[in-house]
Amino acid sequence: MTATVPPTENHDGGARREAPARPTARAWARENLFNNRHNSVLSVVIAAGLVVLTIYGARFLFVTGQWEPVRTNLTLLMMGTFPRAEQWRVVVQVYLLCAAVGLVWGGLTSSSRDRARDAGIPFSRARLRDGIRRWWPVFVLLLALLGMTRTWLPLGFVASALTVGVVARRAMEALGAVWRGPAWFFAGICALAGWQVVSGTGGIAWWWGSALVAAAVLRTTRNVRTDARWQPLARFALIAGAIAVVWAVYAQFDFSGVGWDDWSGFQLNLVAAAASIVLAFPVGLAAAVGRRSKLPAVRFLSVGYIELIRGVPLITLLFMGDLFLGFFLPTEDPLSKVTRAIAVMTLFTGAYLAEIVRGGLQAVPRGQVEAAQAIGLSAPRVLGMIVLPQALRAVIPALVGQFINLFKDSTLLSIIALTEILRIRESIHGQREFLIVGIAETLVFVAFAFWALAFTMSRESQRLERRLGVGER
Amino acid sequence: MTRTDTATTKGADDQAMVTLEGVDKYFGSFQALRDIHLSVARQEVVVVLGPSGSGKSTLIRCVNRLERHDRGRITVDGVELSNDVKTIRQVRRLTGMVFQQFNLFPHLTVLDNITLAPRQVRRMPRHEAEDLAMELLERVKIPEQARKYPGQLSGGQQQRVAIARSLATEPKVMMFDEPTSALDPEMIKEVLDVMQELAGTGMTMICVTHEMGFAREVASRVVFMDEGEIVEVGTPEHFFIEPAEERTKRFLEQIL
């Protein structure tokens, strides 16, 4: 081919050609489903099976299914024996948590927006449609729950809670970068207060709350610089004032009374799983790092912990925790049943997480550590900034899998007589009118509640993987 | 054995940036370094040559304590290496190292790779560290790659980022461990150019390399190693034209 070829002439492999168009549905089906006789037969059989399954499923869900036991006992399933007079606490908690999530989410969105702007990359914020597509299992669960209620109150509650979250998020996006730091603290305060209002863990939280508020004020005023001599004094006054407000607010509410032991139903599953996940993660990290430590004592302890726990069934551990965990602790008042259960689940999951994380640590090439050492990073920074981020990224699927296991294993709490959702479901069929009514339906309901959330966790983990996969070598 | 290193052209010991005296290193029962004596003067560019397994890499890896030497003394800018963590970090701050496999941090952008050490070790504020990083990227001629991740760059670009990352700690000695061995042929030159420019600024350098052209043009002295010991040390002219040792001659015959 020479350079004198006129541009209008078309040669194979010469001039740039358009990318092949996306095939139509018809063409795609012909190519992939009906491309030969065997495949065609297979496609037809499977399609017929799917149709039959869908019809039966829909009939069960909407026509023949007896959902009355679920409908009647929805509150029981969700909140169990939580005192009805204290339900407002849960409502307040949900509002506060929504606000916290909204603040953090909005902060993250606006910071990635700023980073995209710095890097000159176009940024489009997530729309409602994206949100629904991302969280659809949760929305389906919410819809199913709302469909079962007898009054409009729950609908108003869910709608207003979502609104609180969205407003908090929008506010964070509108406010500048200066507010992002303080927002973490306000989110923390919201989460803490949400925790407080339900669990009623007493006076300690007053101090946590005060510390958080003080830190928030410090963080906010950090960038305000004047030469005035009164500045430290003003800052001090501001902190004192903020703390006074916190205490005044705290004093308005009665935080005592509703402790762990009143928690039950799906709420207990959620809280026990969430608490164990949050607590088990650092335990697992520490044990994984400890297992590779150069200090024999640390290594021995880590290996002992991991291998001891992994060799014993969770049910056995739960019984043991229930029966004699209290004896080992130097405390006068016995720990509540739920606390002991969470401790056991934390220790159990921590051991498994440790082995997962260790696998990730081994996957980080030695050269990474050497390069980090060579530029003078201290050992903790080498671990925290170079090794762990890469190690954890490599094991996200296994980590989240373990978290999902833990969430589902929370149903085992029923064997130590905690009234989690599965146990409540059993007790529903002890009620005279539901003795033999809707036994399958209640089970399907419980299964669906777990599935919707576990599936969401799985999807979120895949999303996280994709996002962190940027620049994978 | 003609060991001329004890009386270098630049001479006096207070001038020396890096000294190794009687250094031995074992891996199990295998002796990787045998009684190494070497003194590198300020602003000197020393190129270490030798067949693979001769202990070249081990030699420079002992200088910043990526390997621990078993006998002898190693001093960098007057600081003697000991088992003390603070001393080790001090020595690592004085030295920069560039690896054969680049070893960039894949989870950080190019900019973050470079600013990590200034911000964490030297406590430099972010914007100052980023200004410094951009300056260094200009020097290695890839400022436009600042926001990318290492995986998105070519080998030559990655190695130049690695050089910039090392320079960001403002080291007094730069050590190169076969910096071009993992590169495609067409990218070797861009890295060697950067190294040559760096030598021109008066940086003290110890380079383990197989690039004979670089050794000939840039080195102040060439060190030839075999089986864990220093066989011969001399100027490039001496080394390439009239090597004294039989082993050196054999090595040169094989590669040239």
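The rules we used
- Residues numbered from 1 in each chain as written.
- Chains lettered and ligands numbered in written order.
- Predicted model: local features only at pLDDT ≥ 70, side-chain atom pairs only at ≥ 80, totals over all residues.
- Heavy atoms only, no water.
- Core = buried A, V, L, I, M, F, W, Y, C linked by side-chain atoms within 4.5 Å.
- Buried < 20%, exposed > 50% of the residue type's maximum accessible area, 1.4 Å probe, protein only.
- Helix = DSSP H or I, 4+ residues; strand = E, 2+ residues; numbered from the N terminus.
- Pairing = 2+ DSSP bridges.
- Contact = heavy atoms within 4.5 Å.
- pLDDT = per-residue confidence, 0-100.
- Buried area = accessible area lost by both parts, 1.4 Å probe.
- Salt bridge = Lys/Arg side-chain N within 4 Å of Asp/Glu carboxyl O.
- Polar contact = N/O pair within 3.5 Å; in protein donor to acceptor, adjacent residues only side chain to side chain.
- Nonpolar A, V, L, I, M, F, W, Y, C, P; charged D, E, K, R; others polar.
- 1 Å grid on protein atoms, 1.4 Å probe; cavity = no way out; pocket = protein on both sides within 12 Å on 5 of 7 lines; lining within 4 Å.
- Points joined across faces, edges and corners; volume = space filled by probe spheres on them.
- Patch = residues over 30% accessible without salt bridge, like charges linked within 9 Å, V, L, I, M, F, W, Y side chains within 5 Å.
- Areas by Shrake-Rupley, 256 points an atom, 1.4 Å probe, with all protein chains shown as cover.
- Axes fitted to C-alpha atoms, helices over the stretch in contact; angles between N-to-C directions.

(A) Quick look at the nonpolar core. If you look at the biggest cluster of nonpolar residues, it comprises 115 residues, and the most contacted ones within it are A:Leu413, A:Phe445, B:Leu20 and B:Ile36. A per-element tally of this core places helix H14 (residues 337-363) of chain A first, with 12 residues. If you look at the next biggest cluster of nonpolar residues, it comprises 51 residues, including B:Val98, B:Leu111, B:Leu153 and B:Ala215.

(B) Region of interest: the pairing of strand S2 (residues 30-41) of chain B. All names here are of chain B. The pairing of strand S1 (residues 16-27) with S2 spans eight bridges and is classified as antiparallel. Residue pairing for S2: Lys 25 is matched across the bridge by Leu 33. If you look at the hairpin formed by S1 and S2, you'll find two residues sitting between the two strands, and Gly 28 has a positive phi there, around 65°.

(C) Geometry of the pairing of strand S6 (residues 95-98) of chain B. All names here are of chain B. Burial along S6 is two-sided: Thr 95 and Met 97 facing one way and Gly 96 and Val 98 facing the other are all buried. In this sheet, strand S7 (residues 173-177) lies alongside S6 in parallel orientation, the contact comprising four bridges. Its bridge partner lying in S7, Met 97 is registered against Met 175.

(D) Broad picture of the side chain of A:Ser110. The residue A:Ser110 is located in helix H5 (residues 87-119) in this model. When sequence neighbours within four positions are dropped, the list of residues in contact with A:Ser110 reads A:Met172, A:Glu173 and A:Arg180.

(E) Expanded view of unusual backbone geometry. Even without glycine at this site, A:Ala417 takes up a positive phi of about 65°. Position of A:Ala417 relative to the elements: it lies in the loop between helix H17 (396-409) and helix H18 (421-428). The backbone of B:Glu178 shows a phi angle near 50°, a positive value even though the residue is not glycine. As for its position among the elements, B:Glu178 is in the loop between S7 and helix H6 (185-200). Of the residues examined, B:Glu178 reaches a relative accessible area of 12% and is grouped as buried.

(F) How the structure looks around the confidence of the model for chain B. Residue and element names in this part refer to chain B. This prediction gives chain B a mean pLDDT of 90; 95% of its residues lie at or above 70. A low-confidence stretch, residues 1-12 stays under pLDDT 50, and its non-local contacts, those more than four residues away or across chains, total 24 contacts. Listed scores for the predicted complex are pTM 0.83 and ipTM 0.90.

(G) Structural context of the interface of chain A and chain B. Every contact between the two is made by 23 residues of chain A and, on the other side, 23 residues of chain B. Here chain A packs against chain B, burying approximately 2,200 Å² in sum over the two surfaces, 60% of which is carbon and sulfur. The tally of links from chain A across to chain B stands at one salt bridge. The closest approach of N and O atoms between A:Glu370 and B:Arg61, which form a salt bridge, is 2.6 Å. Summed over the shared surface of chain A and chain B, the result is seven residue pairs in polar contact (both at pLDDT 80 or more). Looking at the side of chain A that touches chain B, the element that brings in the most residues is helix H15 (residues 366-374) of chain A, giving seven residues. Of the residues that constitute the side of chain A that touches chain B, the class distribution is 10 nonpolar, seven polar and six charged.

(H) Representation of the side chain of A:Gln267 in the model. All names here are of chain A. Structurally, Gln 267 can be placed in helix H11 (residues 266-291). Residue classification places Gln 267 among the buried positions, given a relative accessible area of 9%. Aside from chain neighbours lying at most four places away, what touches Gln 267 is Met 78, Met 79, Phe 82, Val 90, Gln 93 and Val 198.

(I) Spotlight on the pattern of salt bridges. Following the criterion strictly, the structure yields 32 salt bridges over all chains and no others. Between A:Arg113 and A:Asp114 there is a salt bridge, with its nearest N and O atoms 3.7 Å apart. Accessibility expressed as a relative area gives 31% for A:Arg113, which makes it partly exposed. Here A:Asp114 falls in the buried class, since its relative accessible area comes to 14%. Between B:Arg73 and B:Glu21 there is a salt bridge, with its nearest N and O atoms 3.7 Å apart. Of this pair, B:Arg73 sits in strand S4 (residues 71-76) while B:Glu21 sits in strand S1, and the two are 52 residues apart along the sequence. Linked through salt bridges whose partners overlap, the residues forming this network are A:Arg291, A:Glu307, A:Arg310, A:Glu355 and A:Arg358.

(J) Up close: the environment of B:Ile230. All names here are of chain B. Note on placement: Ile 230 falls in strand S10 (residues 229-234). Judged by its relative accessible area of 3%, Ile 230 is buried. Once the C-alpha coordinates of Ile 230 and Gly 155 are considered, the two residues, 75 residues apart in sequence, prove to be 31 Å apart.

(K) Geometry of the layout of surface pockets. Here the second largest pocket is characterised by a volume of approximately 1,200 Å³. Taken together, 26 residues make up the lining of the second largest pocket; nearest its centre are A:Lys294, A:Val369, A:Gln373, A:Ala379 and A:Val382. Counting only elements with at least two residues in the lining of the second largest pocket, the list comes to H11, H15 and helix H16 (379-394) of chain A together with helix H2 (85-94) of chain B. The element best represented in the lining of the second largest pocket is H16(A), accounting for five residues. Grouping the amino acids of the lining of the second largest pocket by side-chain chemistry returns 14 nonpolar, five polar and seven charged.

(L) How the structure looks around the sheet that holds S4(B). Residues and elements named next belong to chain B. Taken in spatial order, the four strands make up an open sheet running S2-S1-S4-S5, and their pairing is antiparallel. At either margin of the open sheet sits one strand with a lone partner, and together these are S2 and strand S5 (79-80). Direction of pairing for S1 relative to S4: antiparallel, over a ladder of five bridges. Pairing of Leu 20 across the sheet is with Ile 74, part of S4.

(M) View of a nonpolar patch on the surface. Residues and elements named next belong to chain A. On the surface, Ile 315, Phe 319, Met 320, Leu 323, Phe 324, Phe 327, Phe 328 and Ile 415 cluster together into a nonpolar patch covering about 810 Å² of accessible area. On the secondary structure map, Phe 327 appears in helix H13 (residues 314-328). Assessed through its relative accessible area of 70%, Phe 327 is described here as exposed.

(N) Examining the sheet that holds S10(B) more closely. Residue and element names in this part refer to chain B. Here six strands make up an open sheet; going across it, the order is S6-S7-S8-S3-S9-S10 and the pairing mixed. Each of the sheet's edge strands pairs with one partner strand only, and the pair in question is S6 and S10. Put simply, the sheet's adjacent strands are angled 20° from each other on average, direction ignored. Sheet topology places strand S3 (residues 45-49) next to strand S8 (residues 204-208); four bridges connect them, and they run parallel. Bridge pairing in S8 links Val 47 to Cys 207. Across the sheet, helix H1 (residues 56-63) is in contact with S3, S6, S7, S8 and strand S9 (221-226); its angle to S7 comes to roughly 150°.

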